[in-house]
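Observations on chain architecture
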Amino acid sequence: MGHKYVYLFTEGNAKMRELLGGKGANLAEMSVIGLPVPQGFTVTTEACTKYYEDGKKINDEIRAEIDEYVVKMEEINGKKFGDMENPLLVSVRSGARASMPGMMDTILNLGLNEDVVRTIAAKSGNPRWAWDCYRRFIQMFSDVVMEVEKRTFEDLIDKMKKEKGVTFDTELDAADLERLAGQFKEAYKAAIGSEFPTDPKEQLYAAIEAVFRSWDNPRANVYRRDNDIPYSWGTAVNVMPMVFGNMGDDSGTGVAFTRDPATGEKHLMGEFLLNAQGEDVVAGIRTPMPIAKLQELMPEVYDQFVGVCSTLENHYRDMQDMEFTVENRKLYMLQTRNGKRTAQAALKIACDLVDEGMINEKEAVLMIEPRNLDSLLHPTFDAAALKAATPIGKGLGASPGAACGKIVLSAEDAKAAVDADPKAKVILVRRETSPEDIEGMKAAQGILTVFGGMTSHAAVVARGMGTCCVSGCGDITMHEAERCFDLGGKTYREGDYISLDGSTGNIYAGQIPTVDASIAGEFGRVMAWADKYRRLQVRTNADTPRDAAKALELGAQGIGLTRTEHMFFEGDRIAAFREMICSDTVEDRVKALAKIEPMQQGDFEGIYEAMQGNPVTIRLLDPPLHEFVPTTEEDIKLLADAQGKTVAQIKDIIASLHEFNPMMGHRGCRLAVTYPEIAQMQTRAIIKAALAVNARHSDWQIVPEIMIPLVGEVKELKYVKDVVVKTADEVINEAGKDLNYKVGTMIEIPRAALTADEIAKEAEFFSFGTNDLTQMTFGFSRDDAGKFLGAYYDKKIYENDPFAKVDQVGVGKLVKMAAQLGRQTRPDIHLGVCGEHGGDPSSVEFFHQVGLDYVSCSPFRVPIARLAAAQAAIKYEEVDKKAQAQAEFRETVEAVKAGAKEAASTAAEVAGKVASVVSEVAKASAAGIKAGVDAAKKAYNDNKENK
Ligand code: PEP
Ligand code: MG
């Protein structure tokens, strides 16, 4: 037998979701446990993959197997495709391994043609129903399978209703619907150029192909990217005999959840439509009644359904989302799956299930989607208002939350608006942001940029602050001079309201009301379970005491990265910093730096205080200096005056700082190599701050971790480290105190990863800067990649943004290798990651597997990382145990070997010693004997002489 591509529902089970998709596996499981499921078959996800491999064709082998299963389905159901006595109609639905609600296609009532319609009309005595099914089928098939404009059919229905003078579809009678079906077929022919297919088999193949094709539709591709679902999985197709909810008032269709998906409350929630088919509920054409109403209308069906719900919940030990149909008072289950839910509901359901004894703590931890926690921590849009709104554009969902406010086009305006009215709500719209914009970014409710990806300045800083940000909306055309921008064919002016969704990247015109974040009581409980099981530590990237305090509140165990450069823009320190950059001599530079030092020390004290004795890693200055120079004439003049230089001289200095490729230019540790004074000043501030804070808190022992960025060669690390160590030791000695500190490096240049064994000789810790490491490994700019990544997604070259989800194959390989090499040289080296990937769940899982000690992420991602780390630890518990056992075994073997070697060498030594003792003894005794002999000889001779 060849490969099996088709399974009857009775041949599968819930464990086969990889092959049968979620829907197929659950239909199989429901069939196996005896629930009423119309019996059909599933075409596997492998058939979908094969369809794509074969150049988008269902090959003959799979076609033959489908034919075989159609016959089996006909036999089981006692109905036949196209039969004049007992015709079979089916639904054809997609079903991927992970549920992708509404992303792919469904076709109902397949198998109909004029003859079959007449047969079922006569048999049921319900011609209206029969023609209604037919016109629905033509409409759906044309739209989904043949991509004929939906509107064509909707217009024809509207025309018919107008002619008849009625408002609702339900008011059209059998004759109207028959005429409508005729009109639909003509419209089909006009659009496609051939007759509407009448052969059910032909219809079936086309529908299956359409479902396979829908795996690759744009909305499915976007959904997959947002939800980490690999393209390679493919979708299965479920072919199921139709049951009819539109048979009259003893029939209907509905959807229900075993618990409230919004709050998690334990009660049945759902909706039901009498005399309708599934898509009527979804399409919202008619208003459904609450499920409780079914109890009044069909009590026995309701009771049976309630029984099914509890069977399913107990069976799956999770909240279920079900679709069902009642045909002439008989209940059929069409689908069940673990229901999608809000984060708040997810936490409540998990806790309740633990309390009900249905699941254990680990299962509860695994049940919660880490990404969803975002919505607990940030404001969100009012759900109803959002549903009613249409986006005017889309960028990257760079920092979650919902924001609404008046457009401002410069950071100064944002700040001025909020200074004038602290309640003012503004959205800062920029081509891109730079460190100079920091104060405006802080003031804004939300940030929207035209350029920049997930690790652009705007994205990183906004995430750190917990501010909503949509980055890289390339469809915007900025007109700064006219104080407006164009998007989606419209112009938006300063002062107009816009709304941003930082999770989806959607941009809306006008004001959409927002709802504040609320952390439910169960949050702490689930997080405590997560902390119990995770191995990875979770630190935070924080540049200010406020961010640090927030992160601590959210469970951070320390700071993994403080980017010191963000502090230089505050208040009057930028002036001193600019003086430093534009100094002609070392002396002038030192003078300017001396002005900054106390401010830096103050910053660091604030951060240490906020972290309450937990570890803090502070990175020396990293970005290229040109980012700090003045850009406006006014600021240039100010600087010129302060330095006693001319405007032209300052402009010359600024021009000299220009670099063609600043990201690979004069930045990172290269700044400390060229200007050691900067590293000295920062080291002094770091150490002095630690001494001061330790003196204030006798129970804290702050051990500052000084991090040197952008190292690629061990000698440059050693050079900067020597500067740091000399300076730090001087400060400590001067203070006459004891203070431990560590010096480590970022691994963010491929060469550093490749030579990590060398680098580890000088570094006490490594922190992987996966933002730069990604940029430099791929060789594309983290700020500009957004412009072309779209084409790479379309062409399936990349499935994800490598700046958001770590590229395990390439960048990950470097991380793994560097970790191993580092440990080889320095077994106790501390290893972490502080790139943006530290807050991405799938990347966290990878860092767990690689065996890093911690991940560090922006404050609002800390809970996500904690949960993701726990999930990784639970998921890999067995693997980790085995690895641990193997490592222990290897250690034991090594120890035994070493012991044996030692024993052998001891034995050899002993043997050697024994031998030498023996030889000494022998020598001695030989000497003794000789002496004795000599003495004896002498005595004999004496004696002889004396005789
Ligand atoms: C990195 O490169 O991953 C990193 C954390 O540093 P930055 O983003 O500041 O370059
Ligand atoms: Mg970096």
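Preceding block: the structure.
Along every chain, residues carry numbers that run from 1 in the direction the sequence is written. For this description, chains carry letters from A and ligands carry numbers from 1, given in the order in which they are written. Owing to the predicted nature of the model, reporting of local features is limited to residues with pLDDT of at least 70; listing and counting of side-chain atom pairs is limited to 80 or more, with chain, interface and lining totals taken over all residues. Hydrogens and water are ignored here; the side-chain numbers use all heavy atoms of the structure.

1. Some words on the overall build of the chain
- Elements are defined by DSSP. Helices are runs of H or I of four residues or more, strands are runs of E of two residues or more, and each kind is numbered from the N terminus. Assigned secondary structure in the chain consists of 36 helices and 31 strands.
- With respect to the three principal axes, the spread of C-alpha positions in the chain is 150 × 100 × 50 Å.
- A simple rule labels every residue: compare its accessible area, found with a 1.4 Å probe on the protein chains alone, to the largest value its type can have, and call it buried under 20%, exposed over 50%, or partly exposed in between. Relative to its 947 residues, the chain shows a buried fraction of 53%.
- Whether two residues are in contact is decided by their heavy atoms, any of which lying within 4.5 Å being enough. The contacts in the chain between residues at least 6 apart in sequence include a share of 69% that link residues at least 24 apart.
- With residues, only the protein chains shown are counted as cover, and all accessible areas are computed by Shrake-Rupley using a 1.4 Å probe. About 40700 Å² of surface is accessible on the chain, with carbon and sulfur atoms providing 52% of the total.
- Under the convention used here, Asp and Glu are negative, Lys and Arg are positive, and both His and the chain ends fall outside the count. Just so you know, the charge point we use is NZ for Lys, CZ for Arg, CG for Asp and CD for Glu. Treating the 112 positive side-chain charges of the chain as one cloud and the 141 negative ones as another, the clouds have centres 4 Å apart.

2. Side note on unusual backbone geometry
- Positive phi, normally seen in glycine, also occurs at K56, with a value near 60°.
- Tracing the backbone shows K56 in the loop between α2 (45-53) and α3 (60-77).
- Residue D228 is not a glycine yet carries a positive backbone phi of 60°.
- Residue position: D228 is located in the loop between α9 (218-226) and β5 (235-241).

3. Some details on the environment of A785
- Turning to its location among the elements, A785 is positioned in the loop between α31 (770-778) and α32 (786-794).
- The exposure class of A785 is buried, given its relative accessible area of 1%.
- Excluding anything up to four places from it in sequence, A785 contacts F780 and F803.

4. A look at the nonpolar core
- In terms of nonpolar packing, the biggest core is built from 103 residues, with L373, Y608, I687, I759, F766 and L852 touching the most fellow members.
- Among the elements that take part in this core, helix α13 (residues 343-355) stands out by supplying nine residues, more than any other.
- Residues in contact with F766, not counting those within four places in the same chain, are T745, I747, A756, I759, A760, A818, G822, I829, H830, L831 and G832. Only buried residues count toward a nonpolar core, which is a set of Ala, Val, Leu, Ile, Met, Phe, Trp, Tyr and Cys residues joined through side-chain atoms within 4.5 Å.

5. Some words on the site of ligand 1
- The local shell around ligand 1 holds 14 residues, among which R563, G769, N771, D772 and R782 are the closest.
- In the model, an oxygen atom of ligand 1 is placed 3.3 Å from a nitrogen or oxygen of the G769 main chain.
- Look at ligand 1: alone it shows 290 Å² of surface, and the protein chains cover 96% of it.
- Contributions of two or more residues to the shell around ligand 1 are made by β25 (559-563) and α31.
- A total of three residues in the shell around ligand 1 trace back to one element, the largest contributor, which is α31.
- Three categories are distinguished: nonpolar for Ala, Val, Leu, Ile, Met, Phe, Trp, Tyr, Cys and Pro, charged for Asp, Glu, Lys and Arg, and polar for the others, with Gly belonging to the last. Here the shell around ligand 1 is composed, by residue class, of three nonpolar, four polar and seven charged. Nearness is defined per residue: one heavy atom within 4 Å of the molecule or strand is enough. Counting of polar contacts relies on pairs of N or O atoms within 3.5 Å, with two restrictions inside protein: one atom must be capable of donating a hydrogen and the other of accepting it, and residues adjacent in sequence are counted only when both atoms are side-chain atoms.

6. Some details on the sheet that holds strand β27 (residues 705-708)
- At least two DSSP bridges between two strands are required for those strands to pair. Taken together, eight strands build a closed barrel; the order of strands is β24-β25-β26-β27-β28-β29-β30-β31 and the barrel is parallel. Within this sheet the neighbouring strands show an average axis-to-axis angle of 25°, counted without direction.
- Note: strand β30 (residues 830-833) against strand β31 (residues 854-857), two bridges, orientation parallel. Paired with V833 across the two strands is V855, which belongs to β31.
- Axis lines are fitted through C-alpha atoms, for helices just across the contact stretch, and the angle between N-to-C directions can take any value from 0 to 180 degrees. In the packing of helix α35 (residues 862-875) onto the sheet, the strands contacted are β24 (537-541) and β31, and the crossing angle to β24 comes to about 160°.

7. Regarding the pattern of salt bridges
- For this analysis, a salt bridge means a side-chain nitrogen from Lys or Arg found within 4 Å of a carboxyl oxygen belonging to Asp or Glu. This model, assessed by the stated rule, comprises 74 salt bridges.
- The salt bridge partner of D413 is R483, with a shortest N-O separation of 3.0 Å. Note that D413 is positioned in helix α17 (residues 411-420) and R483 in the loop between β18 (477-479) and β19 (484-487), a separation of 70 residues in sequence.
- Judged by its relative accessible area of 29%, D413 falls in the partly exposed class.
- Here R483 falls in the partly exposed class, since its relative accessible area comes to 31%.
- When the shortest N-O distance is used, the salt bridge between D722 and K718 registers 2.9 Å. Within this pair, D722 and its partner K718 are both found in helix α28 (residues 714-735), separated by four residues, close to a single helical turn.
- Under the relative-accessibility criterion, K718 is labelled partly exposed at 36%.
- The network of salt bridges with common partners includes E565, R619, D622, R667, D772 and R782.

8. Section: the packing of helix α23 (residues 586-611) against helix α27 (residues 676-696)
- Where α23 contacts α27, the axes come no closer than 8 Å and their chain directions differ by 35°. Of the two elements, α23 crosses α27, and the hand of that crossing is right-handed.
- Its residues placed into classes, the contact of α23 with α27 shows 14 nonpolar, three polar and eight charged. Left-handed describes a crossing in which the near helix is turned anticlockwise from the far one by less than a right angle; the clockwise case is right-handed.

9. Considerations on the coordination of the magnesium ion (ligand 2)
- Donor criterion used throughout: N, O or S atom within 2.8 Å of the metal, extended to 3.2 Å for Na, K and Ca. Water excluded; incomplete-looking sites may result. Taken together, the protein donors to the magnesium ion (ligand 2) comprise E748 (OE) and D772 (OD), at separations of 2.0 to 2.1 Å. One end of the pair, E748, is in the loop between β28 (742-747) and α29 (750-754); the other, D772, is in helix α31, with 24 residues separating them in the sequence. An identical accessibility class is assigned to E748 and D772; each is buried.

10. Thoughts on a nonpolar patch on the surface
- Only residues above 30% relative accessible area that lack a salt bridge enter a patch, with like-charged residues linked at up to 9 Å and the nonpolar side chains Val, Leu, Ile, Met, Phe, Trp and Tyr linked at up to 5 Å. On the surface, a nonpolar cluster with roughly 260 Å² of combined accessible area is contributed by F788, Y792 and I797.
- By secondary structure assignment, the location of F788 is in helix α32.

11. So, the pairing of β24
- Judged by how many residues are buried, β24 sits mostly within the fold: four of five residues are covered.
- Here four bridges tie β24 to β31, and the two strands are oriented parallel to one another. Bridge pairing links T540 to C857 in β31.

12. Some words on α3
- In a helix, the anticipated span is given by 1.5 Å times the number of residues less one. With 18 residues, α3 extends 26 Å from end C-alpha to end C-alpha; this agrees with the ideal 26 Å at 1.5 Å per step.
- Within α3 the residues assigned to the buried category are I62, E65, I66, Y69, V70, M73 and E74.
- If you follow the buried residues of α3, they end up packed against β1 (6-8), β2 (41-43), α2, β3 (90-96), α8 (200-214) and β5.
- Structurally, the start of α3 carries an N-cap: the backbone nitrogen of E61 is 3.1 Å from a side-chain oxygen of N59.
- One or two positions beyond α3, positive phi appears at G78, with a value near 65°.

13. Points about the pairing of strand β10 (residues 330-338)
- Relative to β10, strand β9 (residues 320-327) runs antiparallel, the two sharing eight bridges. For D321, the partnering residue across the bridge sits in β10 and is R337.
- Linkage of β9 to β10, two consecutive antiparallel strands, is achieved through a turn of two residues, within which N328 is found at a positive phi near 45°.

14. A closer look at the sheet that holds β10
- Reading across from one edge, β8-β7-β6-β9-β10 is the order of the five strands in this open sheet, with antiparallel pairing throughout. Whereas interior strands pair on both sides, the edge strands pair on one side only; in this sheet they are β8 (289-290) and β10.
- One ladder, built from six bridges, connects strand β6 (residues 252-257) with β9; its direction is antiparallel. Paired with V255 across the strands is E323, a residue of β9.
- The sheet contacts of helix α12 (residues 299-316) involve β6, β9 and β10, and relative to β10 the element is tilted by about 25°.

15. Focus on the side chain of E565
- Structurally, E565 can be placed in the loop between β25 and α22 (573-581).
- Within the structure, the side chain of E565 is placed 2.7 Å from the side chain of R619, a separation counted as a polar contact.
- Contact partners of E565, with chain neighbours within four places excluded, come to R619, L621, D622, P623 and F628.

16. Brief notes about the side chain of S842
- Tracing the backbone shows S842 in helix α34 (residues 841-850).
- The exposure class assigned to S842 is buried, which follows from its relative accessible area of 17%.
- Apart from the residues lying within four places of it in its own chain, the contact partners of S842 are D228, K805 and Q808.

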